[in-house]
Amino acid sequence: TEIYTLSLHDALPISIRQIDLFNKFIQTNAPEVIDQIENPSEHTPKMICLWISHTCEKPDPSSKSLLERERRNGTWSHAEKMRAVVSFLYAHQLRRGREPYMQDYSGEWKGNPVLSQDVSQYMKSLRREKYALILALRPRNIRDSYLTIS
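Quantities reported herein were computed from a predicted structural model and do not represent experimental measurements. Numbers given to residues run from 1 along each chain, matching the order in which its sequence is written. Only residues with pLDDT of at least 70 are given local features in this predicted model, and only at 80 or more are side-chain atom pairs given and counted; all residues enter the totals for whole chains, interfaces and linings. Side-chain figures throughout are based on the complete set of non-hydrogen atoms in the structure, without hydrogens or water.

Engineer: Help me out: how do you make sense of the overall build of the protein chain in this one?
Structural biologist: Under the scheme used here, helices are H or I runs from DSSP no shorter than 4 residues and strands are E runs no shorter than 2 residues, and both carry numbers assigned from the N terminus. From N to C terminus, the protein chain includes six helices and two strands. Secondary structure elements of the protein chain, listed N to C terminal, follow the sequence α-α-α-α-β-β-α-α. Relative to its full complement of 150 residues, the protein chain shows a buried share of 32%. Should any heavy atoms of two residues lie within 4.5 Å, those residues are considered in contact. The long-range fraction of contacts in the protein chain, counting pairs at least 24 apart against all pairs at least 6 apart in sequence, stands at 53%. Throughout this description, buried means an accessible area under 20% of the type-specific maximum (1.4 Å probe, protein chains only), exposed means over 50%, and partly exposed covers the range between.

Structural data, given as structure tokens:
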């Protein structure tokens, strides 16, 4: 067996596509804050969470919000990839590094918005939700698994 590794160059087409999707999502759903992608503010982590939520959470048909009704129910793994792509955008392309996201004494936001408390808590919550669903669908014991097969 051969082991294949991807270099950063190999990963760029996927990253660029995902970054374009992030930009397009913000442009479509929150055009008034599009400038906050390159100049992050206190709202930037929430924009990141909203983008991941739209792609990875279950739709809510009874919601008044169109975004919540049109969610796509993506996997936890896909949510992690989306977070990694946006982290790459801020860390490398926008040169904000891997420092925690916080406001300095002058009021300017420093660091990587993906490393904010908001994004971290949202991702933990999403992971709990996804794994709770998996556990609910999994048979409790061997006898239950035979019953579900037949």
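On we go from here.
Engineer: Teacher, can you tell me more about helix α4 (residues 76-93) here?
Structural biologist: Residues lying three or four places apart along an α-helix face the same way, a consequence of the helix completing one turn every 3.6 residues. With 18 residues, α4 extends 25 Å from end C-alpha to end C-alpha; this agrees with the ideal 26 Å at 1.5 Å per step. Taken as a whole, α4 has its buried residues at Trp-76, Ala-79, Met-82, Val-85, Val-86, Ser-87, Phe-88, Leu-89, Tyr-90 and Ala-91. Residue Arg-95 follows α4 closely and has a positive phi angle near 50°. Expected span of a helix: the number of residues minus one, times 1.5 Å.

Engineer: Teacher, can you tell me more about the environment of Ile-19 here?
Structural biologist: Mapping Ile-19 onto the fold places it in helix α1 (residues 8-29). Distance from Ile-19 to Val-86, taken between C-alpha atoms, is 6.8 Å for residues 67 residues apart in sequence. Sequence-distant contacts of Ile-19, that is, excluding residues within four places in its chain, are made with Val-85, Phe-88, Leu-89 and Gln-93.

Engineer: Help me understand the side chain of His-54, please; the structure alone is not making it clear to me.
Structural biologist: With respect to the helices and strands, His-54 occurs in helix α2 (residues 44-56). Filtering out sequence-adjacent residues up to four positions away, His-54 remains in contact with Phe-25, Leu-67, Glu-70, Arg-71 and Arg-72.

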